[in-house]
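Here is what each chain is made of, one letter per residue.
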Amino acid sequence: MIQIDKYKCDFCGTCVSVCPHDAIELSETTLEIDPVTCTECMNCVKACPLHVLSEEPVHAE
Ligand code: SF4
Ligand code: SF4
């Protein structure tokens, strides 16, 4: 799962443009990643200039 630190995001759209699967949904004030479409290729994590995105392991609870 790609984690989104929404408070840091300035909605610049860079991550959307580098996603090969069109998994990122961006509007003026929200950013969402479709966990089904996303292949965790890490393109968006590397491309985000503000380090909003990160990959975190899913913890079993
Ligand atoms: S690249 Fe980073 S700052 Fe820009 S819209 Fe994506 S998550 Fe937000
Ligand atoms: S990790 Fe890759 S597939 Fe998933 S949202 Fe980011 S760029 Fe798209």
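Parameters at a glance
Residues numbered from 1 in each chain as written. Chains lettered and ligands numbered in written order. Predicted model: local features only at pLDDT ≥ 70, side-chain atom pairs only at ≥ 80, totals over all residues. Heavy atoms only, no water. Near = heavy atom within 4 Å. Nonpolar A, V, L, I, M, F, W, Y, C, P; charged D, E, K, R; others polar. Core = buried A, V, L, I, M, F, W, Y, C linked by side-chain atoms within 4.5 Å. Buried < 20%, exposed > 50% of the residue type's maximum accessible area, 1.4 Å probe, protein only. Helix = DSSP H or I, 4+ residues; strand = E, 2+ residues; numbered from the N terminus. Contact = heavy atoms within 4.5 Å. Salt bridge = Lys/Arg side-chain N within 4 Å of Asp/Glu carboxyl O.

## A word on the site of ligand 2
Of all residues adjacent to ligand 2, which total 13 residues, the nearest are Cys19, Cys38, Cys41, Met42 and Cys44. Residues of the shell around ligand 2, tallied by class, amount to nine nonpolar, three polar and one charged.

## Concerning the nonpolar core
Core analysis: the biggest nonpolar cluster contains 14 residues, and Ile2, Cys15, Ile24, Leu31, Ile33, Cys44 and Leu53 have the highest contact counts within it. Where this core is concerned, the elements lending two or more residues are β3 (31-33) and α2 (43-47). Those residues within four positions of Ile24 in sequence are excluded, and the remaining contacts are Cys15, Val16, Cys19, Leu31, Glu32, Ile33 and Cys44.

## Notes on the site of ligand 1
Looking at ligand 1, there are 13 residues lining it, with Cys9, Cys12, Gly13, Cys15 and Cys48 nearest. The residue makeup of the shell around ligand 1, split by class, is 10 nonpolar, two polar and one charged.

## Section: the environment of Leu50
For Leu50, the location among the structural elements is in the loop between α2 and β4 (53-55). In sequence terms Leu50 and Tyr7 are 43 residues apart; their C-alpha atoms lie 11 Å from each other.

## Quick look at the pattern of salt bridges
For the coordinates displayed, the defined rule picks out one salt bridge. For Lys8, the salt bridge is made with Asp5, and the minimal N-O distance between the two is 3.7 Å.

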